[in-house]
Amino acid sequence: MTDKAFEIAKRFTQRQNFDCIERAGEKNGQEYFHFWRTSTVGLKLGNPLILKVSAKTGKITIVERLDEIMWAYMEARKIRYGEQ
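Residues numbered from 1 in each chain as written. Predicted model: local features only at pLDDT ≥ 70, side-chain atom pairs only at ≥ 80, totals over all residues. Heavy atoms only, no water.

### Concerning the pairing of strand E3 (residues 49–54)
Defined as follows: Relative accessibility under 20% of the residue-type maximum defines a buried residue, over 50% an exposed one, and the middle range a partly exposed one, all with a 1.4 Å probe and only protein chains included. Only DSSP runs of H or I with at least four residues qualify as helices, and only runs of E with at least two residues qualify as strands; both kinds are numbered from the N terminus onward. We treat two strands as partners when DSSP finds at least two bridges between them.
Along E3, five of the six residues are buried, which leaves the element largely enclosed by surrounding structure. The pairing of strand E2 (residues 30–36) with E3 spans six bridges and is classified as antiparallel. Paired with Gln30 across the bridge in E3 is Ser54. Pairing geometry for E3 and strand E4 (residues 60–62), over three bridges, is antiparallel. Bridge pairing in E4 places Val53 opposite Ile60. The antiparallel pairing of E3 with E4 creates a hairpin that spans five residues between the two strands, and Gly58 there sits at a positive phi of about 80°.

The analysis is restricted to geometry; functional conclusions fall outside its scope.
Laid out in structure tokens, this is it:
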């Protein structure tokens, strides 16, 4: 994971008024990030929000496919909690 991709994702989420972001894995040259607002912690608001950043070009995409969202979210949990 590159710091450049993290900074791109961080700037994007701050412009959208989200205040929390965490790395959620890497696949096929794309870096995934899970983001949310602290004011919504503990509320069930639908699918997790996942952002995908191309490590080479810096292109940002909000992930909409459920299988990709769930993969990235489970990867974020593994990173956060140290699960295998």
